[in-house]
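Architecture and fold: a report
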Amino acid sequence: MGWGIELWDQYENLATHTQKGIDFLDRYGNFIRDRSAIEVEYAGKLRRLVKNYQPKKSKEDEENEFSSFQAFKCVLKEVADLAGQREVVAENLQLQVLQGISLLAKNLRDERKKSLNDGALRTQNLTSQIAALERAKRNYEKAFREAEKSIESYQKADADLNLSRAEVEKQRNNMNIRCGQSEDAKNEYANQLQKTNKLQQTHFETSLPEVFNRLQELDEKRTRGLKEFIKGAADVESAVAPIIARCLEGMVKAADAINEKEDSLKVIEKYQSGFQPPGDLPFEDLSKADSDTSNNSQNYTSTSGLNHLTAKGTTTNKLKKRVGLFGIFASNKNNLSTDGMKEDFSDLPPTQRRKKLQQKVQELQQKVAQEQAASEGLMKMKGVYEANSLLGDPRSVEDQLNESVNKLDKLRMELQRYQKLLDQANSQTIVQHSPQANRVIHNGQRSSSLSSYRHSNGSNHDHHHDDHGDDHPDHDAGSLSSSSASPESGLGTSHTSLPGSGQGSTNDQPINDEMYFEAEALPPLGTCKALYPFDATSEGSIPMSEGEELLVIELDQGDGWTRVRRLCGPNGWEEGFVPTSYIESTLYA
């Protein structure tokens, strides 16, 4: 069944229907275009999302990455791949579907226009033929009425005896003429009728069905095309589905790779200081203390102490020597690497220091190997040039070779220096119970390994030699490592400012009565003003409020802590450590 037979009289409706079909195809094309735009926008937003949440690269993160962090990086990578697949979908929709829809719609419009013009022309021909038939019919009707009228006039004249023979003959001639004209009009009408019927039959049985069948084929082509385009759009989506599935599988695999136990071990490795927990605090039985001891107990600092007093043996000369040592360590404070740490990492806890030193040794070993390979290459190049002067001048590589050798020597010296520091750090015994153990006075005497070190290494002259020679890193390595932490944590270690007090040991040992001295307050080195409030959270520190003015009695020795005195308390003053970054100091001239 076709439109040409079943819908022979629905020309206008078929023209409207085909136009609506093409408009619907255009609408689906707009849908594909808008969907492509959404896919592109979605892909762009996914990429911006990945960029915004991409972890910033830092050396610390690269060295200490947790499995959860690695999993998140994998998820970001898979999301970026998903964004790429959405872009592929958008591109294929535009190339394979949208362009096909546009081309098909254009062809359908052209075919429809041609078919409708052909149908209109054939309908116009039929209409013209029908109009000619109407004219022939009207002429025949007019001629027939005139012929009948002439016949009636002749019959009247022939019956009238009063008329002459000539008048009767005239009426007869007129009748013959009118009857002849009527017969001619009749024949013309018959011819036009036959022609019109034939044209009309051809029009409705052949010509117009051909036009309608072409319109039917056009509409079916449009419907079939829409079917293929919908399947094509689905195929575009299906083509990337396996890749998207692999991206999702990658996310699941990354999640399965998360190991909470391994991350916990990495946290231990990252933050372990190497210090030992503090031991039990001794019980002080005040009822058995004699009067002298009770009087002197106010002048000594307990292990939990808020008051840190020095021994009476600190004379003016020793104080000068102490200030000289401050100058040495102040210069060491400025000897920092690009990441804000000391070059020998002495401001880190022992475990972290050993770890950093190991990393530094490995880094230097790689640089030495690279530079050695470069030097060997230059040597070979020089040998080739010497063997064949046409290839090049041997002197042209001498400068590069000398520079490479000098650089290699410096790297080897630095590697030897850090290997020595690492060996000392590995052989060092950590006996501190708290980060500030080096600066706390036990039973009236400082138990500082640095004091023993300074006492055993002589005068300030030796220290100045360390500053300018290769012995300086060994000196830093020989001292106990200190913990560098934020002021809020209260953690930090320092080296005592006093010169060595004989053969002082870092181990907690019973101290004889003759080792007790009457303590006196150290003379202040200057004043300071608290820039921020500080709550004492660690042993040996004291709280302070913002804007409070205190006396500086011991400078920061590289551990981030300064010893200050507040004029208050039962003894008339209170001493302890505060973060150096929390105060603004003004030293006496």
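Residues numbered from 1 in each chain as written. Predicted model: local features only at pLDDT ≥ 70, side-chain atom pairs only at ≥ 80, totals over all residues. Heavy atoms only, no water.

Digging into the nonpolar core
Selection rule: We define the nonpolar core as a collection of buried residues of types Ala, Val, Leu, Ile, Met, Phe, Trp, Tyr and Cys that are connected through side-chain atoms lying within 4.5 Å of one another. The classification of residues rests on relative accessible area computed with a 1.4 Å probe and restricted to protein chains. Under 20% of the type maximum is buried, over 50% is exposed, and intermediate values are partly exposed. Only DSSP runs of H or I reaching four residues or more are called helices, and only runs of E reaching two or more are called strands; each is numbered from the N terminus. Any two residues having at least one pair of non-hydrogen atoms within 4.5 Å are treated as being in contact.
Leu 25, Tyr 28, Ile 32, Leu 93, Val 97, Ile 101 and Phe 229 are the most contacted members of the largest nonpolar core, which totals 28 residues. When residues in this core are grouped by element, the largest group, 12 residues, is from helix H4 (residues 67-159). If sequence neighbours within four positions are ignored, Ile 32 has contacts with Leu 93, Val 97, Leu 98, Ile 101 and Ala 233.

A few points about the pattern of salt bridges
Quick note on the threshold: By definition here, a salt bridge exists when the distance from a side-chain nitrogen of Lys or Arg to a carboxyl oxygen of Asp or Glu is within 4 Å.
One pass over the structure, following the stated rule, counts 25 salt bridges. Close ionic contact of Arg 178 with Glu 146 constitutes a salt bridge, the shortest N to O distance being 2.9 Å. Remark: Glu 146 occurs in helix H4 and Arg 178 occurs in helix H5 (residues 165-256); sequence separation between them is 32 residues. On the basis of relative accessible area, Arg 178 is assigned to the partly exposed category, the value being 27%. The salt bridge partner of Glu 575 is Arg 563, with a shortest N-O separation of 3.0 Å. Taken together, the positions of Glu 575 in strand E6 (residues 574-579) and Arg 563 in strand E5 (residues 561-566) put the pair 12 residues apart, joining distant regions of the chain. In this structure Glu 575 comes out as buried when scored by relative accessible area, which is 0%. Here the salt bridges share partners, and the residues they tie into one network are Arg 35, Glu 39, Arg 86 and Glu 237.

Section: the packing of aromatic side chains
Operational definition: Side-chain rings of Phe, Tyr and Trp, where Trp is taken by its six-membered ring, are said to pair if the distance between their centres is within 6.5 Å; with planes under 30 degrees apart they count as stacked, over 60 as edge-to-face, and otherwise as tilted. Counting as a charge over the ring demands two things of the Lys NZ or Arg CZ atom: a distance within 6 Å of the ring centre and an angle within 35 degrees of the ring normal.
Counting across every chain of the model gives eight aromatic pairs. The aromatic ring of Tyr 418 is capped on one face by Arg 417, whose charged end is 5.0 Å from the ring centroid.

Digging into the pairing of strand E4 (residues 549-554)
Cut-off, in case you're wondering: Two strands form a pair only when DSSP identifies at least two bridges running between them.
Most of E4 is tucked away, with five of its six residues classed as buried. The pairing of strand E3 (residues 526-530) with E4 spans four bridges and is classified as antiparallel. Its bridge partner lying in E4, Gly 526 is registered against Val 552. In this structure, E4 lies alongside E5, joined through three bridges in antiparallel fashion. Its bridge partner lying in E5, Leu 551 is registered against Arg 565.

Description of the confidence of the model for the chain
Where we set the bar: Note on scores: pLDDT gives the predictor's confidence for each residue, bounded by 0 and 100.
For the chain, per-residue confidence averages 75 on the pLDDT scale, and 73% of positions sit at 70 or higher. In the predicted structure, residues 291-334 sits below a pLDDT of 50 and forms 101 contacts with residues beyond four places in sequence or in another chain.

With respect to a nonpolar patch on the surface
We apply this condition: Nonpolar side chains (Val, Leu, Ile, Met, Phe, Trp, Tyr) within 5 Å and like charges within 9 Å form the patches, drawn only from residues with over 30% relative accessible area and no salt bridge. Each accessible area value is a Shrake-Rupley result obtained with a 1.4 Å probe; residue values ignore everything except the protein chains displayed when judging cover.
Side chains of Leu 49, Tyr 53 and Phe 72 sit close together on the surface and give an oily, nonpolar patch of about 300 Å² of accessible area. Along the polypeptide, Phe 72 turns up in helix H4. Classification of Phe 72 as partly exposed rests on a relative accessible area of 34%.

Digging into the environment of Ser 115
Threshold: For this analysis, a polar contact is any N or O atom pair within 3.5 Å, provided that within protein one partner can donate a hydrogen and the other can accept it, and provided that sequence-adjacent residues contribute only side-chain to side-chain pairs.
Mapped onto the secondary structure, Ser 115 falls in helix H4. Sequence spacing of Ser 115 and Phe 212 is 97 residues, and the spatial spacing of their C-alpha atoms is 8.1 Å. Ser 115 has contacts with Val 211, Arg 214 and Leu 215, leaving out every residue within four places of it along the chain. Among the polar contacts made by the side chain of Ser 115, one reaches the side chain of Arg 214 at a distance of 3.3 Å.

Section: the side chain of Arg 86
Summarising the element assignment, Arg 86 is placed in helix H4. The class of Arg 86 is buried, set by a relative accessible area of 11%. A distance of 2.9 Å separates the side chain of Arg 86 from the side chain of Glu 39, its partner in a polar contact. In this structure the side chain of Arg 86 is engaged in a polar contact, spanning 3.0 Å, whose partner is the side chain of Glu 237. The residues contacting Arg 86, other than those within four sequence positions of it, are Glu 39, Tyr 42, Ala 43, Glu 237 and Ile 244.

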